[in-house]
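An overview of the molecular structure
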Amino acid sequence: LIFSISLQAKSEQISVRHLTSGNWEVIKILAYDENTQKIYFLSTEESPRGRQLHSVSTVGSLNRQCLSCNFLKDQCTYFSAKFSPMNRHFLLHCKGPGVPVVSVHSTSNTAKFYILENNAVLKEAVFKKKNSRTEIKMLHIEDYELPLQLSLPKDFTDRNQYALLLIIDEAPGSQLVTDKFHIDWDSVLVNSDNVIVARFDGRGSGFQGLKILQEVHRCLGSVEVKDQIAAVESLLKQPFIDPKRLSIFGKGYGGYITSMILKSSERLFKCGAVVAPITDMKLYASAFSERYLGIPSKEENTYQASSVLHNLHGLKEANLLIVHGTADAKVHFQHSAELIKHLIKAGVNYTMQIYPDEGHNIASEKSKYHLYSTILGFFSACLKEETPILPQEPEEDE
């Protein structure tokens, strides 16, 4: 929420006035115009999965307005914006669900605009490809309605059975199920390998209220694991999901949750890939770890319970790919080294792909191409539909 504070000189009383209210979140304050005394901000008022640009007056009647709601209605529900130094104009960046568009608008008359980039080439390419379609289902877990997004192959029919890839988010408090336009390496699996890709914002995810966000306090690696497994189990009730071809992927913190899921859900997933996974919160940034788990010296049991490095026998049946850059400053290579050491002790097989001198985000073009090829090849081989071997009939004697 946004509020204004005014100081009255004579009485020295401070009055606080709420400028916004309601069951939605202010994402970012973008600008304040002193001449018109207006604040410009992004919010989720229309939908938790979207972002719209609003303005509100700090004096008189609040007069809150949505400046982006009527712009390219059918194509755009997820926006970001940037204002000029004098706040006379602003750039509006439509990020989805349609192909992204960038436009410049007049603050005094938002109906006046000029399209800077409409990505016509990309739009035509997407149209020709007949890309995958998405569906969003709401799952009821612990008194919450939580969104599950499915990316379905272009020729999807519920009479067929499909492999499933579950993608885990990279940080608590972030959001995977949004209206943003999305084409990435997983889109190749959907369109070329007929794999259904699932994304689920369970407890601990952001932009759905503080209650859902704070569910992971002192519970890292347990609440999210339960919710993601519950989402997969709900999908297994559908006739179009092949229970023998389930896979999972995560990077960073997502790699941590992926590892926790793989070791706790024995034989549920056929394979999993983790990129730069956090494996022990004691080895990670103390500001993050202590915010969620407390001080290590006082919360030894909590840190022990949140570690990936114990009871790894559940991973024996899964096909595991570990990827890490040796120059990763965000999730140090020590995380993967410790995981490998414990996997060997537990007798678990794994595949390791190292990128020398690469950081958390693989930067060089050659390494990036190699990374995507490795991940796609891994999941394509793992999720390939097995053709049944028919018994050969004995040859008749002459």
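Coordinates for the structure precede this section.
First, a word on scope: everything that follows refers to the structure included in this document. (Residues numbered from 1 in each chain as written. Predicted model: local features only at pLDDT ≥ 70, side-chain atom pairs only at ≥ 80, totals over all residues. Heavy atoms only, no water.)

1. Concerning a nonpolar patch on the surface
Under the convention used in this document: In this analysis, a patch consists of residues with relative accessible area above 30% that form no salt bridge, clustered at 9 Å for like charges and at 5 Å for the nonpolar side chains Val, Leu, Ile, Met, Phe, Trp and Tyr. Exposure was quantified through the Shrake-Rupley algorithm and a 1.4 Å probe, taking into account, for residues, occlusion by the shown protein chains and nothing else. Any carboxyl oxygen of Asp or Glu within 4 Å of a side-chain nitrogen of Lys or Arg constitutes a salt bridge here. Note on conventions: DSSP H or I runs of at least 4 residues are helices, E runs of at least 2 residues are strands, and numbering of each starts at the N terminus. Note on classification: 1.4 Å probe, protein chains only; a residue is buried when its accessible area is under 20% of the maximum for its type, exposed when over 50%, partly exposed between these limits.
A surface patch of nonpolar side chains, amounting to about 310 Å² of accessible area, comprises Leu 91, Tyr 114 and Leu 116. When you line up the elements, Leu 91 lands in strand 8 (residues 89-97). Overall, the relative accessible area of 34% leaves Leu 91 in the partly exposed class.

2. Describing the pairing of strand 11 (residues 133-141)
Stated precisely, the cut-off is as follows: Any two strands between which DSSP finds at least two bridges are classified as paired.
Judged from the nine bridges that link them, strand 11 and strand 12 (residues 144-152) form a sheet pairing that is antiparallel. Within the sheet, the bridge partner assigned to Leu 139 lies in strand 12 and is Leu 146. Where strand 11 folds back on strand 12, the antiparallel hairpin that results is connected by two residues, among which Glu 142 adopts a positive phi of roughly 50 degrees.

3. Observations regarding empty space enclosed by the protein
Worth spelling out the cut-off: Within this scheme a cavity is a closed region of a 1 Å grid, computed over the protein atoms alone, that accommodates a 1.4 Å probe without allowing it to escape, whereas a pocket is open but has protein on both sides within 12 Å along at least five of seven lines; lining residues each have an atom within 4 Å of a point. Grid points are joined across faces, edges and corners, and a volume is the space filled by probe spheres set on the points.
By the definition in use, this model includes one cavity of 30 Å³ or more. Looking at the largest cavity, it is lined by 16 residues, and the ones nearest its centre are Asp 169, Arg 203, Ser 205, Glu 224 and Gln 228. Listing elements by their share of the lining of the largest cavity, those giving two or more residues are helix 4 (223-235) and helix 5 (253-264).

4. Quick notes on the pattern of salt bridges
This structure, assessed with the given rule, holds 11 salt bridges. A salt bridge links Lys 128 to Glu 124; its shortest N-O distance comes to 3.3 Å. Taken as a pair, Lys 128 and Glu 124 lie in helix 1 (residues 120-129) at a separation of four residues, close to a single helical turn. Between Glu 300 and Lys 282 there is a salt bridge; the shortest N-O distance is 3.0 Å. With Glu 300 in helix 7 (residues 300-306) and Lys 282 in the loop between strand 16 (271-275) and helix 6 (286-293), the pair connects residues that are 18 residues apart, well separated along the chain. Each member of the salt-bridge network shares a partner with another, and the members are Arg 203, Glu 215 and Asp 227.

5. Here's the deal with the layout of surface pockets
A volume near 1,200 Å³ is recorded for the largest pocket. Residue lining of the largest pocket: 40 residues in total, with His 182, Ile 183, Asp 184, Asp 186 and Arg 199 positioned closest to the centre. Elements supplying a minimum of two residues to the lining of the largest pocket: strand 11, strand 12, helix 2 (185-192), strand 15 (241-251) and helix 9 (365-383). If you tally residues by element for the lining of the largest pocket, the top one is helix 2, at five residues.

6. Points about the packing of aromatic side chains
Applicable threshold: Between rings of Phe, Tyr and Trp, where Trp is taken as its six-membered ring, a pair exists when centres lie within 6.5 Å; planes separated by under 30 degrees are stacked, by over 60 edge-to-face, and by other angles tilted. In this scheme, Lys NZ or Arg CZ marks a charge over a ring once it lies within 6 Å of the ring centre and within 35 degrees of the ring normal.
Tallied over the entire structure, the rule returns 13 aromatic pairs. Relative to Tyr 256, the ring of Tyr 253 has its centre 5.4 Å away and its plane inclined at 45 degrees; by these criteria the two rings are tilted. Pair noted here: Tyr 253 and Tyr 256 are both in helix 5, with a separation of three residues, about one helical turn. Each member of the pair Tyr 253 and Tyr 256 is classed as buried. Judged by centre distance (5.0 Å) and plane angle (50 degrees), the ring pair of Phe 288 and Tyr 292 falls under tilted. With a gap of four residues between them, Phe 288 and Tyr 292 both fall in helix 6, about one helical turn apart. Judged on exposure class, the residue Phe 288 and its partner Tyr 292 are both buried. The ring centre of Phe 207 lies 4.4 Å from the NZ or CZ of Arg 51, which sits over that ring.

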